[in-house]
Amino acid sequence: MQIIQNPKPSEWAEVLKRPTQSVEALNTVVDEVFTAVKQNGDDALKTYTKTFDGVALDALLVSSTEIESAKAAVAPELKAAIVQAKSNIEMFHKAQKTSRIDVETQTGVRCWQEKRPIDAVGLYIPGGSAPLFSTVLMLAVPAQIAGCSSIVLCTPPNTTGKIANEILYTAALCGVTQIYKVGGIQAIAAMTFGTETINRVSKLFGPGNQYVTAAKQFATKYGVAIDMPAGPSELLVMADATATPAFVASDLLSQAEHGADSQVVLVSSCKTLINEVSKEVVEQTQRLNRKSIIEQALNNMKLIYVSDQNQAVDLINFYGPEHYIIATSDNSFFTDRVQNAGSVFIGDYTPESAGDYASGTNHTLPTNGYAKAYSGVNLDSFLKNITFQEISKEGLKNLGPTIELMAEAEGLMAHK
C-alpha cells in the first residue's frame, strides 16, 4: 500500500479523489426508468424487478402474513439488540425536539415559528448482499417521532421474492406498514410519482448505491425533496503514534466491506503506525466473510502521512468525510477544529460501527464531500419550520411607514 507523504494543498483534490461516477454519467438510465415508471406504474416496477433483481413478483406490497412470519424467524437475542438500539436512537432523536420560538419584534408585532411534520415520507432501505435493517431504525424512528402520517418503505427483494426477516421485524417494531418489494432506481421513481400500489411522497430518505443516489437527485426535478446525496460509504481516520493499529484497521475495514466503491482514508503523523495499520488490514481481511468486496474497496484506500497537525486538520476539512474517527493523544485539538464531517467518533473505544447501529446517532450521512454543506439525517429532517406573524392595529401604525418606504424604494407600489 502506497503512503502519500505531506501532499501539498494543490494536490489534495487529486490525492483525495473519490471513486464515484458523476450523476450526469448515470442520468440516461435513470431517465429511462423514471419515464417507464411514470407511464406504466406497477407493471414497470415488476419488469425492472425481474431484470435487476432476478425475480418475478405477483404483488409488491409485503403482506401481514409475511411480516408475522418474519417476526417469528428473528432470533430472540437479535430482537433484544434491535430493541436496545431503537431505545438509544429514540432517546437521542427525542432530545432534538425544540420549543416554539415566539418573539415580539416591536410593540404590536408578534412573530413565531412552529414545526410541523412532513406528511408523506419515503424510506429507501438497501438490500442485496447486506440487508440494512439498521437503516430502518435510523429513518423510521425519527419519522415516527416527528409525526409523519404516511411512511412508505421500499427495499429490494432477494431472488426468491423475499425481504430479509430482520428488515420486516424492524419495520414492524417501528410501526411501518407500507412496505414494498422494490429497489434501485425504480423504487425512487415509484415514490416520486406514485403508482397504483405505492403512494407518492414529499421527501425521500435513505442511502444507496450510485444509481440510487443519482435517482434521488433526479427526483428533485419532480418536486420531491431528498435528505441529502448519500452514496458509497466512506471513512477517514486521524491517528497518531498513540493509536492502536488493530483498532484503526478494524474501523477502516468496517467501511470497506460496505461495497467495492467504498473509500477509506488514514491520515497520520506517524509512519510506523501507518505501516502497522497496513499489516493489520491485510491480516484482518483474510478472516472476514466479505473479503472479495473489501479487497476491491482497498484499491481506493489512501494512506497519508502529514507531519503538521494544522495541515492535517485542513486536509481533513477539505475532504469532508462521511465518518471521521479521531484517535490521538490530543483528540480535543481535532474535535475543536472539525468544520466538515458527517459524524465524528472520538477515542480508541468509539468504533464507527457503534454509530452505525446502536449508540443513538443517525448513520444516514452525507458522502462524496457533501458534508461541507449537508447535515446527516436528524429529527428536523422530517419537519418543516413554519413562521407565523400577527400585528395589532397599533403595531401596523408604527411599522407601516417603514414598509411603505421600503416598498416604494423597490418600485412595488401594490406592496405600499
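What counts and what doesn't
Residues numbered from 1 in each chain as written. Predicted model: local features only at pLDDT ≥ 70, side-chain atom pairs only at ≥ 80, totals over all residues. Heavy atoms only, no water. Helix = DSSP H or I, 4+ residues; strand = E, 2+ residues; numbered from the N terminus. Rg over C-alpha atoms; globule rule 2.2 N^0.38 Å. Buried < 20%, exposed > 50% of the residue type's maximum accessible area, 1.4 Å probe, protein only. Contact = heavy atoms within 4.5 Å. Areas by Shrake-Rupley, 256 points an atom, 1.4 Å probe, with all protein chains shown as cover. Pairing = 2+ DSSP bridges. Axes fitted to C-alpha atoms, helices over the stretch in contact; angles between N-to-C directions. Parallel < 35°, antiparallel > 145°, perpendicular 65-115°, else oblique. Left-handed = near helix turned anticlockwise from the far one by under 90°. Nonpolar A, V, L, I, M, F, W, Y, C, P; charged D, E, K, R; others polar. Phe/Tyr/Trp six-rings, centres within 6.5 Å; stacked < 30°, edge-to-face > 60°. Lys NZ or Arg CZ within 6 Å of the ring centre and 35° of its normal. Patch = residues over 30% accessible without salt bridge, like charges linked within 9 Å, V, L, I, M, F, W, Y side chains within 5 Å. Salt bridge = Lys/Arg side-chain N within 4 Å of Asp/Glu carboxyl O.

Trainee: Hey, could you run me through the overall build of the chain in this one?
Mentor: Looking only at helices and strands, the chain has 15 helices and 14 strands in total. In terms of overall dimensions, the chain is globule-like: its C-alpha atoms have a radius of gyration of 24 Å, near the 22 Å expected for 416 residues. Along the three orthogonal principal directions, the C-alpha set of the chain runs to about 75 × 60 × 45 Å. Burial analysis of the chain (416 residues in total) assigns 50% to the buried set. For the chain, contacts bridging at least 24 residues in sequence account for 75% of all contacts bridging at least 6. A total of about 19,300 Å² of accessible surface is found on the chain, and carbon and sulfur atoms cover 50% of it.

Trainee: Is there a simple way to explain the sheet that holds strand S9 (residues 234-239) in this structure?
Mentor: In a beta sheet, neighbouring strands pair by backbone hydrogen bonds and run either parallel or antiparallel. One open sheet accounts for six strands, arranged S1-S11-S10-S9-S12-S13; its pairing is parallel. With one partner strand each, in any of the chains shown, strand S1 (3-5) and strand S13 (343-346) form the two edges of the open sheet. Sheet twist, expressed as the average angle between the axes of neighbouring strands with direction ignored, equals 20 degrees. Across the sheet, helix H9 (residues 245-256) touches S9, strand S10 (263-268) and strand S12 (323-327), and the angle it forms with S9 is around 170 degrees. In this fold helix H10 (residues 271-285) packs onto S1, S9, S10 and strand S11 (302-305), with an angle of close to 165 degrees to the strand it touches most, S11.

Trainee: Even after reading the chapter, I still don't get the environment of Ala80, so can you show me in this structure?
Mentor: Residue placement: Ala80 occurs in helix H4 (residues 76-94). Sequence separation between Ala80 and Gly347 is 267 residues; the distance between their C-alpha atoms is 27 Å.

Trainee: Is there a simple way to think about the environment of Pro7 in this case?
Mentor: Along the chain, the position of Pro7 falls in the loop between S1 and helix H1 (12-15). Residue Pro7 is classed as buried on the basis of its relative accessible area, which comes to 4%. Distance from Pro7 to Val306, taken between C-alpha atoms, is 7.6 Å for residues 299 residues apart in sequence. Sequence-distant contacts of Pro7, defined by excluding residues within four places in its chain, comprise Trp12, Val15, Ile304, Tyr305, Gln311 and Leu315.

Trainee: For this particular structure, what's the right way to read the sheet that holds strand S6 (residues 178-181)?
Mentor: The strand order S6-S5-S4-S7-S8 describes an open sheet built from five strands, whose pairing is parallel. Of all strands in the sheet, those bounded by a partner on one side alone are S6 and strand S8 (225-226). With three bridges connecting them, strand S4 (residues 120-124) and strand S7 (residues 203-205) associate as parallel partners. Looking at S7, one finds that Leu123 is bridged to Phe205. Running at roughly 175 degrees to S4, helix H7 (residues 184-193) makes contact with S4, strand S5 (150-155) and S7 of the sheet. Lying over the sheet, helix H8 (residues 210-219) contacts S4, S7 and S8, oriented at roughly 165 degrees with respect to S7.

Trainee: What is the right way to read the packing of H4 against helix H6 (residues 165-173) from this model?
Mentor: In a packed pair of helices, the relevant descriptors are the angle between the two axes and the axis-to-axis distance. The contact between H4 and H6 brings their axes to 11 Å, and the two run at 45 degrees. Regarding the angle of H4 to H6, the classification is oblique. For the pair H4 and H6, the sense of crossing is right-handed. In contact with Leu78, Lys79, Ile82, Val83 and Lys86 of H4, H6 contributes Glu166, Tyr169, Thr170 and Leu173.

Trainee: Could you clarify how one ought to interpret the packing of helix H5 (residues 133-146) against H6 in this entry?
Mentor: Contact geometry of H5 with H6 gives a least axis separation of 8 Å together with a crossing angle of 20 degrees. Judged by the inter-axis angle, H5 sits roughly parallel to H6. Crossing hand, H5 versus H6: right-handed. Taking contact as the criterion, the partners of Phe133, Val136 and Leu137 in H5 are, on H6, Glu166, Ile167, Thr170 and Ala171. Partitioning the contact of H5 with H6 into residue classes produces five nonpolar, one polar and one charged.

Trainee: Help me understand H7, please; the structure alone is not making it clear to me.
Mentor: Every α-helical turn comprises 3.6 residues, leaving residues that sit three or four positions apart pointing alike. Counting buried positions along H7 yields nine of ten residues, so the element is predominantly enclosed. All of the buried residues in H7 are Ile185, Gln186, Ala187, Ile188, Ala189, Ala190, Met191, Thr192 and Phe193. Summarising the contacts, the buried residues of H7 are in contact with helix H2 (23-53), S4, S5, S7 and H8. Trailing H7 by a residue or two, Gly194 shows a phi angle of about 80 degrees, which is positive.

Trainee: For this particular structure, what's the right way to read the packing of aromatic side chains?
Mentor: On inspection of all chains with the given rule, the structure shows twelve aromatic pairs. Consider the rings of Phe193 and Tyr222, whose centres lie 4.8 Å apart with planes at 75 degrees: the pair is edge-to-face. Separated by 29 residues along the polypeptide, Phe193 in helix H7 and Tyr222 in the loop between H8 and S8 bring together distant segments of the chain. Aromatic ring contacts, followed pair by pair, group Phe34, Phe193, Phe218 and Tyr222 into a single cluster. Here the basic side chain of Arg18 rests over the ring of Tyr319, its NZ or CZ set 3.8 Å away from the ring centre. The ring of Trp112 is capped by Arg110, whose NZ or CZ atom sits 4.0 Å from the centre of that ring.

Trainee: I keep staring at a nonpolar patch on the surface and nothing clicks. Help me out?
Mentor: Residues Ile391, Leu396 and Ile403 make up a contiguous nonpolar surface patch of roughly 240 Å² in combined accessible area. Relative to the assigned elements, Ile391 resides in strand S14 (residues 383-391). Judged by relative accessible area, which is 37%, Ile391 ranks as partly exposed.

Trainee: When you look at the pattern of salt bridges in this model, what are you seeing that I'm missing?
Mentor: Any two side chains of opposite charge can pair if their charged atoms end up close together. On inspection of all chains with the given rule, the structure shows 13 salt bridges. Measuring nitrogen to oxygen at the nearest pair gives 2.7 Å for the salt bridge that ties Lys181 to Glu66. Residue Lys181 is located in strand S6, and its partner Glu66 is located in helix H3 (residues 64-73); the two are separated by 115 residues in the primary sequence. On the basis of relative accessible area, Lys181 is assigned to the buried category, the value being 7%. A salt bridge links Arg100 to Glu114; the nearest nitrogen and oxygen atoms lie 2.7 Å apart. Placement of the pair is Arg100 in the loop between H4 and strand S2 (101-106) and Glu114 in strand S3 (residues 109-117), with a sequence separation of 14 residues. Of the residues examined, Arg100 reaches a relative accessible area of 44% and is grouped as partly exposed.

Trainee: Is there a simple way to think about the side chain of Glu66 in this case?
Mentor: Take Glu66: its relative accessible area is 19%, and that puts it in the buried class. Each residue touching Glu66, except ones within four places of it in the same chain, is listed here: Leu61, Lys162, Leu168 and Lys181.

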